[in-house]
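Chains, contacts and geometry: an overview
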Amino acid sequence: MRQPRSGPGKSRGRGRGPRIPATTLRKQQAALANVDQITGAKIPKSFVFSRGKLPSMLRHLQQDLRKVMLPYTALNLKEKKRNNLKDFVNVAGPLGVTHFLILSNPKSLPHLRFSNSPQGPTFTFQIEEYALAADIANSQKRPRCPPGIFKNSPLVVLSGFSGLGNPFESLVEYFQHMVPAVDPSTVKLAECQRILLLKYDKEKEVVDFRHYSIKLQPVGVSRRIRKLMQNNQVPDLRDLKDVSDYVTKAGYGSESEVDDEAATVSLPSDVDKLNQASRKSAVRLQEIGPRMTMRLVKVEAGLCSGDVLYPWPGGRKLED
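What comes next is a walk through the structure. Within any chain, residue numbers begin from 1 and follow the written order of that chain's sequence. Per-residue local features are limited, in this predicted model, to residues with pLDDT of at least 70; the limit for side-chain atom pairs, both in listing and counting, is 80 or more; totals at the level of whole chains, interfaces and linings are taken over all residues. Neither water nor hydrogens contribute to the side-chain values; these are computed over all heavy atoms in the structure.

Concerning the packing of aromatic side chains
For Phe, Tyr and Trp, rings pair up if their centres lie within 6.5 Å, where Trp contributes its six-membered ring, and each pair is then called stacked (planes under 30 degrees apart), edge-to-face (over 60) or tilted (otherwise). Counting across every chain of the model gives 13 aromatic pairs. The interplanar angle of 90 degrees and the centroid separation of 5.5 Å between the aromatic rings of Phe 114 and Phe 175 together place this pair among those described as edge-to-face. Taken together, the residues span a long stretch of sequence, with Phe 114 in strand E3 (residues 111–116) and Phe 175 in helix H5 (residues 168–177) at a distance of 61 residues. We note that Phe 114, like Phe 175, is buried. Seen from their ring centres, Phe 161 and Phe 175 are 6.4 Å apart, and the 65 degrees between their planes marks the pair as edge-to-face. Counting from the N terminus, the helices are the DSSP runs of H or I reaching at least four residues and the strands are the DSSP runs of E reaching at least two. Burial here depends on accessible area, computed with a 1.4 Å probe over protein chains only, as a share of the maximum for the residue type. Under 20% is buried, over 50% is exposed, and the range in between is partly exposed.

What follows is the structure in structure tokens.
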């Protein structure tokens, strides 16, 4: 006996629900991409772009800043001369972009604005000194910046901002929320590979911007053993009588000693083959750039507009 056909809106197969339109499915997937699946919090995303014409050095600085904000930024964001701020705001909404970093060069003085999209506030800094990531690498004997470290956001470390009141309290809140928050109970140590340090110098009234890579080194393991385990390659033993000669060659102690500036910690969980919870590891930071010294010169209530909250109007400090 023939079964009657399904009516409009009814499922054709047993156990199947109504079919979700492709447009609705894409919207749901986009919404999930903007939310941390562990914490449930909205993932902050950023645009790093410029206003006005920039010299070549500042163009390189802009690209370095995009790398700092990876992976939740547009590394190859296309800019056109006719684009205005409203164009970026209109695009930011559908893409879930929450933060803007805007470089400009008024009167040949580099400025960097940190702003929340779409309503502000906006913190404008004058860049007094800066060095590109390439400059930092060229100054080091053994530069270290593996591409894999940009797969996860940096850990933001703030120093020297306590007790300053507004607008620095609002600035601290901005810095804390411009990258995804870290849950100590669920974070994987292998994903923590970068640190963004923002330090306020109260004497000079400037903010030092530093970007580091994190390297773990097991204590008491020679350099030869570390390379052997990391490369997964059989070493050349043709000129050696025993495999132990490979370990002790060139001196075991000199290769296994930890840098005096490195902090020794006991890991709560395994990170890789070498750094495991069963042994101690030394934590070493290596600067990868860019590096900036910035001075806060203006705070606006809106997105690059609105009431000026700093410097204080008429020299009068507003209430916190």
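Concerning unusual backbone geometry
Cis geometry is found at the peptide bond from Leu 70 to Pro 71, where omega equals 5 degrees. Mapping Pro 71 onto the fold places it in the loop between helix H2 (56–68) and helix H3 (85–95). Look at the link from Ser 117 to Pro 118: it is a cis peptide, with omega at 10 degrees. With respect to the element layout, Pro 118 can be found in the loop between E3 and strand E4 (122–131). For Glu 205, which is not glycine, the phi dihedral falls at a positive 60 degrees. By secondary structure assignment, the location of Glu 205 is in the loop between strand E6 (194–201) and strand E7 (206–218). Backbone geometry places Cys 304, a non-glycine residue, at a positive phi of 55 degrees. Inspection of the secondary structure assignment puts Cys 304 in the loop between strand E10 (291–300) and strand E11 (308–310). When its relative accessible area of 26% is taken as the criterion, Cys 304 is described as partly exposed.

Section: the environment of Asn 83
You can see Asn 83 is positioned in the loop between H2 and H3. In the structure, Asn 83 is positioned 32 residues away from Arg 51 in sequence and 9.0 Å away in space, judged by C-alpha atoms. Not counting the four nearest positions on each side in its chain, Asn 83 is found in contact with Arg 51, Lys 78 and Phe 88. Throughout this description, a polar contact denotes any pair of N or O atoms lying within 3.5 Å of each other; where both atoms belong to protein, one of them has to be capable of donating a hydrogen while the other can accept it, and for residues adjacent in sequence the pair is counted only when both atoms sit in side chains. Here Lys 80 takes part through its backbone nitrogen, which lies 2.9 Å from a polar atom of the side chain of Asn 83. In what follows, a contact means two residues having at least one pair of non-hydrogen atoms within 4.5 Å.

Quick word on the pairing of strand E2 (residues 99–104)
Burial within E2 is extensive, with 6 of its 6 residues counted as buried. What you see with E2 is no split at all: His 99, Leu 101 and Leu 103 on one side and Phe 100, Ile 102 and Ser 104 on the other are buried throughout. Of the pairings in the sheet, the one linking strand E1 (residues 46–50) to E2 comprises 5 bridges and is parallel in character. Counterpart to Ser 50 in the pairing with E2 is Leu 103. By definition, two strands form a pair when at least two bridges between them are found by DSSP. Bridge count for E2 against E3 is 6 bridges, and the pairing is antiparallel. Looking at the pairing, Ser 104 lines up with His 111 of E3. What sits between E2 and E3 in their antiparallel hairpin is a turn of 6 residues, with Lys 107 showing a positive phi close to 55 degrees.

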